[in-house]
Amino acid sequence: MDYKKNILVTGGAGFIGSHLVRRLVNNYPEYHIINFDALTYAGNLNNLKDLENADNYTFVKGDICELSDLEKVFSNFYITDIIHLAAESHVDRSISGPMAFVMTNVVGTVNLLNIAKEKWAGAKDRLFYHISTDEVYGSLGAEGLFSETTAYDPRSPYSSSKASSDHFVMAYHHTYGLPVKISNCSNNYGSHQFPEKLIPLMINNIVQEKDLPIYGKGDNIRDWLWVEDHAAAIDKIFHEGRLGETYNIGGLNEWTNIDLVHALISIVDHKLGRPEGSSKKLIKFVTDRAGHDKRYAIDASKLEKELGWTPSIQFEEGLEKTVDWYLNNREWTENIISGDYQEYYTNQYES
Ligand code: NAD
Ligand code: DAU
């Protein structure tokens, strides 16, 4: 079949990527979605089992750091667009091992830019859309919001690698005329998030009655966004956003880590029929993350005014849906934590 677009989604087997791929495959039968993913520790094809038989979906195992993998996917498919999510995404891992972040997030992104520039030379209606993070803007005090004009001030190896990749994307736009868009998003939550991240880690540990490690005093603030609202925003920006522009995506939903963990304890205890708040005893304040950014909060008014996007659900509702998903899909987490992840977790918190 001749598809209207052949969209290469990198990192489609990860958390956000799998939600985006599902949305594009189901909502756009006229598009062919090619999920290009190296299946690192964070990639998981179980996330997309429901799409295995979809006609307009193809999975390709490939690494953005390997030029031959990129050459192959471009010669096998007539790629018209790229939505680039593949990355090393966990801040703590970037502190203990920054080079993997330089390789995938910086070198891998530049590899992808180079092949797009080469293969799309002279072509019309192409798009390289880079998915980035609010962490490139650094850390806020008690007041203020990150807007698209906030100066970049990354503090962790992860955010520095994402900032660098953002700069390369814009450099390819200004220098070579590559048609690009970037969006910078706040913390996502929802189903299929790898259980090293705060929300799934806490849900799993509450269920297993393990310690709940809170970095520092638990007063750092994150702006939480429902992952399906992020996928909806990417869809809008992909179709309607202006070329060469950056869009911030956020939930207007700031929570301190400790308040969030209390909310999770209350939901999980209730659902498991435990006495209300009984898991509070599991909270353990541990050494703070090095260079821990204090507060993130996004001004998403550009996206709202230009493209009419707003978050669709309240945090309490999304959190409950998230807990339900993890409680109803225990084997998903268990498959992960019974593998290499167990060793990483043990080194991280229990030495
Ligand atoms: P994730 O860690 O869950 O998934 C990353 C995916 O990329 C995995 O499937 C992995 O196998 C794949 N990948 C890693 N290295 C690769 C390589 N060299 N070649 C091909 N594939 C590779 O990440 P996520 O949380 O879904 O984040 C996706 C993107 O969104 C990242 O670029 C991240 O920086 C950005 N982002 C995430 C959040 C968040 O809250 N999770 C917020 C803002 C932006
Ligand atoms: O802001 C967007 C970013 O959000 C994305 O770019 C990253 O890919 C994503 O991982 C996320 O980064 P954070 O560092 O904010 O997320 P994380 O879930 O690791 O931590 C959230 C907060 O919880 C942070 O303040 C650190 C704290 N924390 C985290 C863990 C894993 C704890 O207190 N204890 C923990 O065990």
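Residues numbered from 1 in each chain as written. Chains lettered and ligands numbered in written order. Predicted model: local features only at pLDDT ≥ 70, side-chain atom pairs only at ≥ 80, totals over all residues. Heavy atoms only, no water.

Enquirer: Explain the site of ligand 2 to me, please; I cannot follow it from the model alone.
Expert: Near ligand 2 there are 24 residues, and of these Thr133, Asp134, Tyr158, Arg289 and His292 occur at the shortest range. Here an oxygen atom of ligand 2 and a side-chain polar atom of arginine 222 are 2.8 Å apart. Bound to the protein, ligand 2 loses 95% of the 690 Å² it would expose on its own. Per element, the largest residue contribution to the shell around ligand 2 is three residues, and it comes from strand E8 (residues 212-215). Taken together, the residues of the shell around ligand 2 break down into ten nonpolar, eight polar and six charged. Here the shell around ligand 2 spans two domains, and each of domain 1 (5-188 + 224-249) and domain 2 (191-222 + 254-290 + 314-347) adds at least three residues to it. (Near = heavy atom within 4 Å. Polar contact = N/O pair within 3.5 Å; in protein donor to acceptor, adjacent residues only side chain to side chain. Areas by Shrake-Rupley, 256 points an atom, 1.4 Å probe, with all protein chains shown as cover. Helix = DSSP H or I, 4+ residues; strand = E, 2+ residues; numbered from the N terminus. Nonpolar A, V, L, I, M, F, W, Y, C, P; charged D, E, K, R; others polar. Domains from an automatic or database assignment.)

Enquirer: Help me out: how do you make sense of the site of ligand 1 in this one?
Expert: The local shell around ligand 1 holds 28 residues, among which Asp37, Asp63, Ser89, Tyr158 and Lys162 are the closest. Between leucine 85 and ligand 1, the recorded distance is 2.9 Å, taken from a backbone N or O atom to an oxygen atom. The separation between an oxygen atom of ligand 1 and a polar side-chain atom of tyrosine 158 is 2.6 Å. When isolated, ligand 1 has an accessible area of 830 Å², and the protein chains bury 96% of it. For the shell around ligand 1, the elements supplying multiple residues, two or more each, are helix H1 (15-27), strand E5 (127-133) and helix H5 (157-176). For the shell around ligand 1, the element with the highest residue contribution is E5, accounting for three residues. Along the lines of polarity and charge, the residues of the shell around ligand 1 split into 13 nonpolar, twelve polar and three charged.

Enquirer: Can you help me understand the packing of helix H6 (residues 198-208) against helix H10 (residues 315-328) in this one?
Expert: Helix packing geometry: the angle between the two helix axes and the distance between the axes. The contact between H6 and H10 brings their axes to 11 Å, and the two run at 55 degrees. In terms of axis orientation, H6 runs oblique to H10. Between H6 and H10 lies a crossing whose hand is right-handed. Between H6 and H10, the contacting residues are Ile199, Pro200, Ile203 and Val207 on the first element and Leu319, Thr322, Val323, Tyr326 and Leu327 on the second. Its residues placed into classes, the contact of H6 with H10 shows eight nonpolar, one polar and no charged. (Axes fitted to C-alpha atoms, helices over the stretch in contact; angles between N-to-C directions. Parallel < 35°, antiparallel > 145°, perpendicular 65-115°, else oblique. Left-handed = near helix turned anticlockwise from the far one by under 90°. Contact = heavy atoms within 4.5 Å.)

Enquirer: It is not clear to me how the packing of helix H4 (residues 99-119) against H5 should be interpreted in this structure. Could you clarify?
Expert: At a minimum axis distance of 8 Å, the contact between H4 and H5 shows a crossing angle of 15 degrees. Here H5 runs roughly parallel to H4, going by the angle between their axes. Read as a crossing pair, H4 and H5 show a hand that is right-handed. Side by side, H4 and H5 meet where Phe101, Asn105, Val106, Thr109, Val110, Leu113, Asn114 and Lys117 of the first sit next to Tyr158, Ser161, Lys162, Ser164, Ser165, Phe168, Val169, Tyr172 and Tyr176 of the second. Partitioned by chemical class, the residues of the contact of H4 with H5 number nine nonpolar, six polar and two charged.

Enquirer: Any chance you could explain the domain arrangement of the chain here in plain terms?
Expert: Accessible area lost during the coming together of the parts is what is often quoted as the interface size. What the domain assignment lists for the chain is domain 1 (5-188 + 224-249) and domain 2 (191-222 + 254-290 + 314-347). Counting residues at the interface gives 19 residues for domain 1, matched by 24 residues for domain 2. Interface of domain 1 and domain 2: buried area, both sides summed, is about 1900 Å²; carbon and sulfur atoms make up 54% of it. On the surface where domain 1 and domain 2 come into contact, there are two salt bridges. Taken together, the links from domain 1 to domain 2 amount to seven residue pairs in polar contact (both at pLDDT 80 or more). Mapped by element, the contributors of at least two residues to the side of domain 1 that touches domain 2 are H1 and helix H3 (91-96). In terms of residue count, the dominant contributor to the side of domain 1 that touches domain 2 is H3 (four residues). Taken together, the residues of the side of domain 1 that touches domain 2 sort by class into eight nonpolar, nine polar and two charged. (Buried area = accessible area lost by both parts, 1.4 Å probe. Salt bridge = Lys/Arg side-chain N within 4 Å of Asp/Glu carboxyl O.)

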